[in-house]
Amino acid sequence: MTTIRLWWLLARSDRRSAAVLWLPVAAYAVVTTLLLLVIGGSRVFFSWNDDMAFGYQLLALIALTLLVVPLGTLGASAARLSARRRDERLSTLRLLGATAGAVAAVTVIESSALALLGAAVGALGAALLAPLIGLIPFRGEAIGAWALVPAPETALVVAGVVALAVTSAVVSLRRLVISPLGVRTRQNAPAQRWWIVVVGVIVLAGALVAMNLLGAAGSAGGPITFLVVIVGGFAATLGVLGLIAPAILRLMATRQARIATKPERLLAARMILESPKAAWSQVSGVAMTSFMSVVAGAGVALMGMAASSDLSASDAHLVADIRTGILITVIGSFLMVACSVGVNQAAGIADRRELYSSLHQLGMDTSTMDAARRRAVLSPLRVTTIGSALCAAVFIFPLVGLSVIVSPLTLVMVAGVLAAGFALVWLGLLATRAQLARAARA
Amino acid sequence: MNFTILSARDLRLSYGPTRALDGVSLDVQVGDSVAVMGASGSGKTSLLHALAGILLPDSGAVRLTAPDGPLEITALSDRERTRLRRERFGFVFQQGLLIPELTAIENVAIALMLNGVDRGAANQAAAGWLAALGLAGLEDRRIGQLSGGQAQRVAIARAQVTGASVVFADEPTGALDSQTSAEVMSALLDMTVARGNTLVLVTHDAGVAARCSRIVDVRDGRIVGERVGA
Ligand SMILES: Nc1ncnc2c1ncn2[C@@H]1O[C@H](COP(=O)(O)OP(=O)(O)OP(=O)(O)O)[C@@H](O)[C@H]1O
Ligand SMILES: [Mg+2]
């Protein structure tokens, strides 16, 4: 009990406590709202049981998978958000004599309280937004009341978010050595493992060959083959990008750090080098969206060709619905990426207030600091989106042929999606700009 | 040639009921090394920040004699003061406050790059300063891989690499043992006043203060006395 009282005293006296406590709450709220809206929106598919239902459910599952990954990234950044500040307070607790067990208890209590508060607010937000989602039409009819997730399921989602938050807090705690003298990360900077890159390239090439064989076997690709190719290619791309993208980012940043002539370029390169993996994971959600935008663009272009022939009413609905689904998935994943960029940046600024204020004292303009962190986010974003769009093009090439991939409709769609993605991430950066200026002038 | 490079007149600054500066006037001659001493909370950091244009006092004026004529720092905008600090002043803080992601040489070179110097020339100058401060061979170390004294010497190099005419140091030896603190102080004096520049330094350490040419005592936001040092 004494430990808890001490912790509360420390939490309140932390000058950054407002941001430290509110940011994760807000992030958990956003995660919960988006999760509930996604679940609500797809509930309607599982209410059907006619012969079209299975196809729809399959598509809904693909869309859900696509949304779960960026949601996970966002959830993880929310969990990491206050970790370092909390760890410093925990270190003070250790200095004052708290046991390691008491410190773990405090961690669980703090993270679950924040997540519970955030998830509750998020559930409220989802309930308020459900009528809007209800307006989205599928098979010619608005989803309506299906968009609102009933109370018991909502409670389950809230509990799930809290459980994830606590797990991630405990895991992050185990990676730290919290001694009375301070906090230190247990692991050293991981060495560059070049064989990962080699394995990654081999896996990617193998998957490509497999896809090609499948595509040929499926004779001009029935819908199931198409789905298998997309899902398989997608999983392979994501897995491989997760392995090789950090290595590529590291290579590019190393070169940039050596040759940069402008301070913001040097700073950005070094920020990426600090943890290429973190730089990648912050934008990995966009990798998927970019991959899907190519597939979707090609799909829409194909459908456009099919639409010239007569379609039955249900086929016309299917075409329209796939378009709606693609749009929603893309918007949803970009929203999540923008949020996780915003959350990560807010946490980074809160963590580095003293450095930013000292740089301002030395005479560095806040615009230079802003440009540096903008680069540190946007250049991995560029590599990521281009890389995964190229992978996607390679994967669907045997199925649809070059003419569809480079058809104006596909290209316009891909360009539009990427532009929107960059704009949203930019917004995430812009939203934290005022906070940076405040930190610098503190 | 001896002239007044920094001149503060009747500086006043309050934080609510706290008077951090309560009518401070101070003239600093070029080539001076001025040690500001006083109890905790007496207003030393506030004075340093007001002199350097980091914060604006509620009233009073700070004037700098720049090569192109006198400049009233307290009348400049935030932007202009930021630029002035970058171009004319150097800073050494208690904890170094170097950029942890950058290497030692990059931390020094970036001060020049901010002033538009190209990378090659900036690296060359930075390497020269590091070598002069006994840090040759440590150029590519990250800040976390340096000892406290080494990090402070990197900060000194950063403060002077731009040829700043005034270096401000806030307890630069505050986190060091007495042996290291004496070495860092020697480096600081060698790199600034020994080259004709000016040093204004806040310290709690009488031994450090004694090596400066002037010692100014501050209490409750006022200058209450002045002594001659080394
Ligand atoms: N941002 C601030 N807000 C409120 N009060 C402040 C602020 N900065 C300084 N003060 C107050 O102004 C007074 C002078 O502070 P200052 O930092 O100049 O003292 P100092 O002599 O440098 O002390 P120390 O030796 O502990 O560093 C103190 O009473 C301090 O509490
Ligand atoms: Mg002070």
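Residues numbered from 1 in each chain as written. Chains lettered and ligands numbered in written order. Predicted model: local features only at pLDDT ≥ 70, side-chain atom pairs only at ≥ 80, totals over all residues. Heavy atoms only, no water.

**Q** Is there a simple way to explain the overall build of chain A in this structure?
**A** When helices and strands are counted, chain A shows 15 helices and 4 strands. Within chain A, the proportion of its 442 residues that are buried is 48%. Expressed as a percentage of contacts within chain A between residues at least 6 apart in sequence, the contacts between residues at least 24 apart total 84%. Total accessible area on chain A is roughly 20,600 Å²; 71% of this is exposed by carbon and sulfur atoms. (Helix = DSSP H or I, 4+ residues; strand = E, 2+ residues; numbered from the N terminus. Buried < 20%, exposed > 50% of the residue type's maximum accessible area, 1.4 Å probe, protein only. Contact = heavy atoms within 4.5 Å. Areas by Shrake-Rupley, 256 points an atom, 1.4 Å probe, with all protein chains shown as cover.)

**Q** What's the story with the interface of chain A and chain B in this structure? I'm lost.
**A** In many analyses, interface size is given as the accessible surface area lost on bringing the parts together. Across the contact, 25 residues belong to chain A and 22 residues belong to chain B. Across the salt bridge formed by arginine 142 of chain B and glutamate 274 of chain A, the nearest N and O atoms sit 2.9 Å from each other. Here chain A is connected to chain B by 10 residue pairs in polar contact (both at pLDDT 80 or more). Counting residues per element, the ones that place at least two in the side of chain A that touches chain B are helix 8 (223–259), helix 9 (263–274) and helix 12 (353–362) of chain A. The biggest single contributor to the side of chain A that touches chain B is helix 12 of chain A, with 7 residues. (Salt bridge = Lys/Arg side-chain N within 4 Å of Asp/Glu carboxyl O. Polar contact = N/O pair within 3.5 Å; in protein donor to acceptor, adjacent residues only side chain to side chain.)

**Q** Got a minute to help me understand the sheet that holds strand 3 (residues 33–38) of chain B in this structure?
**A** Think of a sheet as strands paired side by side through backbone hydrogen bonds, with each pair either parallel or antiparallel. Residues and elements named next belong to chain B. Read from one edge to the other, the open sheet built from 6 strands follows the order 6-7-8-3-9-10, with strand pairing classed as mixed. If you trace the sheet from one side to the other, it starts and ends with strand 6 (89–92) and strand 10 (222–228), each paired once. Pairwise comparison of adjacent strand axes, ignoring direction, gives a mean angle of 20° for this sheet. Pairing between strand 9 (residues 214–219) and strand 10: 6 bridges, direction antiparallel. From the neighbouring strand, valine 218 faces strand 10, where its bridge partner is isoleucine 223. Across the sheet, helix 5 (residues 148–160) touches strand 6 and strand 7 (166–170), and the angle it forms with strand 6 is around 170°. This element, helix 6 (residues 178–191), spans strand 3, strand 6, strand 7 and strand 8 (198–202) of the sheet and lies at about 150° to strand 8. (Pairing = 2+ DSSP bridges. Axes fitted to C-alpha atoms, helices over the stretch in contact; angles between N-to-C directions.)

**Q** How should I be thinking about the packing of aromatic side chains in this particular structure?
**A** Two aromatic rings are characterised by how far apart their centres lie and by the angle between their planes. Taken as a whole and judged by the stated rule, the model has 5 aromatic pairs over all chains. Aromatic side chains phenylalanine 45 of chain A and tryptophan 48 of chain A sit 5.5 Å apart centroid to centroid with 85° between the ring planes, which places their arrangement in the edge-to-face category. Classification of phenylalanine 45 of chain A as buried rests on a relative accessible area of 8%. A ring pair is formed by phenylalanine 91 of chain B and phenylalanine 168 of chain B, whose centres lie 5.7 Å apart and whose planes are at 20°; its orientation type is stacked. Here phenylalanine 91 of chain B, found in strand 6, pairs with phenylalanine 168 of chain B, found in strand 7; they are 77 residues apart in sequence, far enough to count as distant. The buried category is assigned to phenylalanine 91 of chain B, whose relative accessible area is 3%. Against the face of tryptophan 48 of chain A rests arginine 139 of chain A, its NZ or CZ located 4.6 Å from the ring centre. (Phe/Tyr/Trp six-rings, centres within 6.5 Å; stacked < 30°, edge-to-face > 60°. Lys NZ or Arg CZ within 6 Å of the ring centre and 35° of its normal.)

**Q** Looking at this model, I keep getting lost on the packing of helix 12 of chain A against helix 15 (residues 433–441) of chain A. Mind explaining?
**A** A pair of packed helices is captured by two measures, namely the crossing angle of their axes and the spacing between those axes. Residue and element names in this part refer to chain A. Between helix 12 and helix 15, the shortest axis-to-axis distance is 6 Å and the interhelical angle comes to 70°. When the axis of helix 12 is compared with that of helix 15, the two are roughly perpendicular. At the point where helix 12 passes helix 15, the crossing takes the right-handed sense. Facing helix 12, whose interface residues are Arg353, Tyr356, Ser357 and His360, helix 15 presents Leu436, Ala439, Ala440 and Arg441. (Parallel < 35°, antiparallel > 145°, perpendicular 65-115°, else oblique. Left-handed = near helix turned anticlockwise from the far one by under 90°.)

**Q** Mind showing me how you'd approach the environment of valine 208 of chain B here?
**A** Residues and elements named next belong to chain B. Counting through the fold element by element, valine 208 comes out in helix 7 (residues 206–209). Sequence-wise, valine 208 and serine 178 are 30 residues apart; in three dimensions their C-alpha atoms are separated by 9.4 Å. Non-local contacts of valine 208, meaning those with residues more than four positions away in its chain, are made with Thr173, Ser181, Met185, Leu201 and Thr203.

**Q** Sorry if this is basic, but what is going on with the nonpolar core here?
**A** Soluble globular proteins tend to pack their nonpolar side chains together in the buried interior. Judged by nonpolar contacts, the single largest core of 108 residues is most densely connected at Leu6, Leu51, Phe89, Phe168 and Leu201 of chain B. In terms of residue count, helix 3 (residues 104–114) of chain B provides more of this core than any other element does, 9 residues in total. With sequence-adjacent residues up to four places away left out, leucine 201 of chain B is seen in contact with Val34, Ala35, Val36, Ala169, Pro172, Met185, Leu188, Val208 and Cys212 of chain B. Of all hydrophobic cores here, the second largest spans 23 residues; its members include Leu74, Ala115, Val162 and Val166 of chain A. (Core = buried A, V, L, I, M, F, W, Y, C linked by side-chain atoms within 4.5 Å.)

**Q** Please explain empty space enclosed by the protein as it appears in this structure.
**A** The rolling of a water-molecule-sized probe over the atoms marks out the regions of remaining empty space. In the structure shown here, the tally under the stated rule is 6 cavities of 30 Å³ or more. Empty space within the largest cavity amounts to approximately 140 Å³. Taken together, 15 residues form the lining of the largest cavity, with Leu362 of chain A together with Arg86, Ala111, Leu114 and Arg158 of chain B sitting closest to its centre. Taken together, the elements giving at least two residues each to the lining of the largest cavity come down to helix 12 of chain A together with strand 6, helix 3 and helix 5 of chain B. Among the elements that line the lining of the largest cavity, the one with the most residues is helix 3 of chain B, at 4 residues. (1 Å grid on protein atoms, 1.4 Å probe; cavity = no way out; pocket = protein on both sides within 12 Å on 5 of 7 lines; lining within 4 Å. Points joined across faces, edges and corners; volume = space filled by probe spheres on them.)

**Q** Explanation requested: the packing of helix 5 of chain B against helix 6 of chain B in the structure shown.
**A** All names here are of chain B. Two elements in contact, helix 5 and helix 6, have axes whose closest approach is 10 Å; the angle formed by their N-to-C orientations is 10°. Judged by the inter-axis angle, helix 5 sits roughly parallel to helix 6. Contacts between helix 5 and helix 6 involve Gly149, Gln152, Arg153, Ile156 and Gln160 from the former and Thr180, Val184, Ala187, Leu188 and Met191 from the latter. The residue makeup of the contact of helix 5 with helix 6, split by class, is 5 nonpolar, 4 polar and 1 charged. (Nonpolar A, V, L, I, M, F, W, Y, C, P; charged D, E, K, R; others polar.)

**Q** Explanation requested: the site of ligand 1 in the structure shown.
**A** Residues and elements named next belong to chain B. Close to ligand 1 lie 13 residues; Ser40, Gly41, Lys44, Thr45 and Ser46 are nearest. Side-chain polar atom of histidine 204 to an oxygen atom of ligand 1: 3.4 Å apart, as the coordinates give it. Here ligand 1, which alone exposes 630 Å², has 59% of that area covered by the protein. For the shell around ligand 1, the secondary-structure elements that each account for two or more residues are strand 2 (18–29) and helix 1 (44–51). (Near = heavy atom within 4 Å.)

**Q** Whenever I open this one, the sheet that holds strand 2 of chain B confuses me. Can you help?
**A** All names here are of chain B. Pairing in this open sheet of 4 strands is antiparallel, and the strands run 2-1-4-5 from one edge to the other. This sheet does not close on itself; its edge strands, each paired only once, are strand 2 and strand 5 (69–72). Sheet twist, expressed as the mean angle between neighbouring strand axes with direction ignored, is 20°. Bridge count between strand 1 (residues 4–15) and strand 4 (residues 59–66): 5 bridges; the pairing is antiparallel. Note that in strand 4 the partner of arginine 12 across the bridge is serine 59.

**Q** For this particular structure, what's the right way to read the domain arrangement of chain A?
**A** Residue and element names in this part refer to chain A. Per the domain assignment, the segments making up chain A are domain 1 (1–188) and domain 2 (191–442). Residue-level contacts link 30 residues of domain 1 with 33 residues of domain 2. Both sides together, the interface formed by domain 1 and domain 2 hides about 2,800 Å², and carbon and sulfur atoms give 75% of it. In this assembly, domain 1 and domain 2 are joined by 0 salt bridges. Linking domain 1 with domain 2 are 1 residue pair in polar contact (both at pLDDT 80 or more). Within the residue set of the side of domain 1 that touches domain 2, elements represented by two or more residues are helix 2 (17–43), helix 3 (53–81), helix 4 (83–95) and strand 1 (137–138). The class makeup of the residues in the side of domain 1 that touches domain 2 is 21 nonpolar, 3 polar and 6 charged. (Domains from an automatic or database assignment. Buried area = accessible area lost by both parts, 1.4 Å probe.)

**Q** I'm lost on the confidence of the model for chain B in this one. Help?
**A** A low pLDDT means the predicted coordinates there should not be read in detail. Residue and element names in this part refer to chain B. Mean pLDDT for chain B: 92, with 99% of residues reaching 70 or above. Within chain B, no element has a lower average pLDDT than helix 6, which sits at 90, and none a higher one than strand 9, at 96. Among the prediction metrics, the complex's ipTM stands at 0.85, with pTM recorded as 0.78. (pLDDT = per-residue confidence, 0-100.)

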